Amino acid sequence: MEVYTTENEQVDALRRFFIENGKALAVGIVLGIGALVGWRFWQNHQSEGAMSSSLAYQQASEALAKGDAPGVSAAEKFSSENKNSYGVLSSLQLARYHADKGEFAQAETQLRTALTKTKDVDLQALTALRLARVQVQQGKADDALKTLDTITQAGWAAMVADVRGDALVSKGDNAAARAAYDKGVAANPPQALQALLRMKLNNLPG
């Protein structure tokens, strides 16, 4: 990757990349942001089930990674048969698979399913954030805003503000979107997300 010498150059590069990649990046940021969280969660919950469940989850994940019909079917079968943490992670992977293909309705179905399988508040927050993002992509801004209202943990504030702003922009409410993005910046998120929020603020009309 090219090395940038000033913060302004970094933000300009991010802006150009966002303009060029648009919707795919908007979805990808949220759908991809929980990858490490998901992996750590999976590691920390090995004791929840037998080793056979762990192995079956790994096999389903590897099958889905192939991207062919049998692999997708195997992952769907595993997800539907496991009402536990492994089933949640499998549903999240299926949601990302469908979102990457632009199949947002199918992604929404998987995310709604995942929400019914866990009581872990952080995993619920991650799932709800992804759900709100795909709802925005489907033109369901009001549904997305309601979904975001379910995420109350302070640690998710900046990411919630980011998606909330996008939902409000899609409704044409730029003033409320500006307030949401400002709230995200005020939450002092990591540099990449802060740069993205500032870019969105700068691109708002008026």
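Residue indices follow the written sequence of each chain, beginning from 1 at its first position. The predicted nature of this model means local features are confined to residues of pLDDT at least 70 and side-chain atom pairs, given and counted, to a pLDDT of 80 or more, with totals for whole chains, interfaces and linings taken over all residues. Think of the side-chain values as coming from all heavy atoms in the structure, minus any hydrogens and water.

Asks: Mind showing me how you'd approach the packing of aromatic side chains here?
Replies: What characterises a pair of aromatic rings is the spacing of the ring centres plus the angle enclosed by the ring planes. Ring pairs are drawn from Phe, Tyr and Trp, using the six-membered ring of Trp, whenever the two centres fall within 6.5 Å, and their geometry is named by plane angle: stacked under 30 degrees, edge-to-face over 60, tilted for the rest. This model, assessed by the stated rule, comprises two aromatic pairs. Between Tyr57 and Phe78, the ring centres sit 6.1 Å apart and the planes meet at 45°, which makes this aromatic pair tilted. Residue Tyr57 is located in helix α3 (residues 51–65), and its partner Phe78 is located in helix α4 (residues 69–81); the two are separated by 21 residues in the primary sequence. Comparing Tyr57 with Phe78 shows no difference in burial state: the two are buried. Centre to centre, the rings of Tyr57 and Tyr86 are 5.7 Å apart; their planes meet at 45°, and the pair counts as tilted. Highlighted residues: Tyr57 in helix α3 and Tyr86 in helix α5 (residues 85–100), separated in sequence by 29 residues. Both residues of the pair, Tyr57 and Tyr86, count as buried. Among the aromatic residues, ring-to-ring pairing joins Tyr57, Phe78 and Tyr86 into one connected group. A run of H or I in DSSP becomes a helix once it reaches four residues, and a run of E becomes a strand once it reaches two; helices and strands are each numbered from the N terminus. Only protein chains enter the accessibility calculation, which uses a 1.4 Å probe; a residue is then buried when its area is under 20% of its type maximum, exposed when over 50%, and partly exposed in between.

Asks: It is not clear to me how the environment of Val185 should be interpreted in this structure. Could you clarify?
Replies: Assignment of secondary structure puts Val185 in helix α10 (residues 174–186). Sequence-distant contacts of Val185, that is, excluding residues within four places in its chain, are made with Gln194, Leu197, Arg198 and Leu201. Throughout, a residue-residue contact means that at least one pair of heavy atoms, one from each residue, lies within 4.5 Å.

Asks: What is the right way to look at unusual backbone geometry in this model?
Replies: In terms of backbone geometry, most residues other than glycine have negative phi values and most peptide bonds are trans. In this structure, Asn188 takes a positive phi of about 55° despite not being glycine. Asn188 sits in the exposed class, given a relative accessible area of 61%.

Asks: Quick question: what am I supposed to make of the packing of α5 against helix α7 (residues 121–137) here?
Replies: A packed helix pair is summarised by two numbers, namely the angle formed by the two axes and the spacing between the axes. Between α5 and α7, the least distance of the axes is 12 Å, while the angle of their chain directions is 20°. Looking at the two axes, α5 sits roughly parallel to α7. The chirality of how α5 crosses α7 is left-handed. Packed against α5, whose contacting residues are Val88, Leu89 and Leu92, the element α7 presents Leu123, Leu126, Thr127 and Arg130 at the interface. All amino acids are sorted into three groups, where Ala, Val, Leu, Ile, Met, Phe, Trp, Tyr, Cys and Pro are nonpolar, Asp, Glu, Lys and Arg are charged, and the leftover types, Gly among them, are polar. Of the residues belonging to the contact of α5 with α7, the class tally is five nonpolar, one polar and one charged. The convention used is that axes are lines fitted to C-alpha atoms, helices contributing only their stretch in contact, and that angles between N-to-C directions extend from 0 to 180 degrees. The scheme is simple: roughly parallel for angles under 35 degrees, roughly antiparallel for over 145, roughly perpendicular for 65 to 115, oblique for anything else. Left-handed is the label given to a crossing in which the near helix is rotated counterclockwise from the far helix by less than a right angle, and right-handed is the label when the rotation is clockwise.

Asks: Help me understand the nonpolar core in this model?
Replies: Buried together is how nonpolar side chains tend to be arranged in soluble globular proteins. We call a set of buried Ala, Val, Leu, Ile, Met, Phe, Trp, Tyr and Cys residues a nonpolar core when their side-chain atoms join them within 4.5 Å. Ranked by internal contacts, the top residues of the largest apolar core, which has 44 residues, are Leu92, Leu129, Leu148, Ile151 and Trp156. When contributions to this core are tallied by element, the ones reaching two or more residues are α3, α5, α6 (104–115), α7, α8 (141–148), α9 (157–170), α10 and α11 (191–203). Counting residues per element, this core draws most heavily on α7, which supplies nine residues. If near-sequence neighbours (up to four positions away) are discounted, Ile151 is found in contact with Ala125, Ala128, Leu129, Trp156 and Val160.

In short, shape yes, function no, at least from these values alone.
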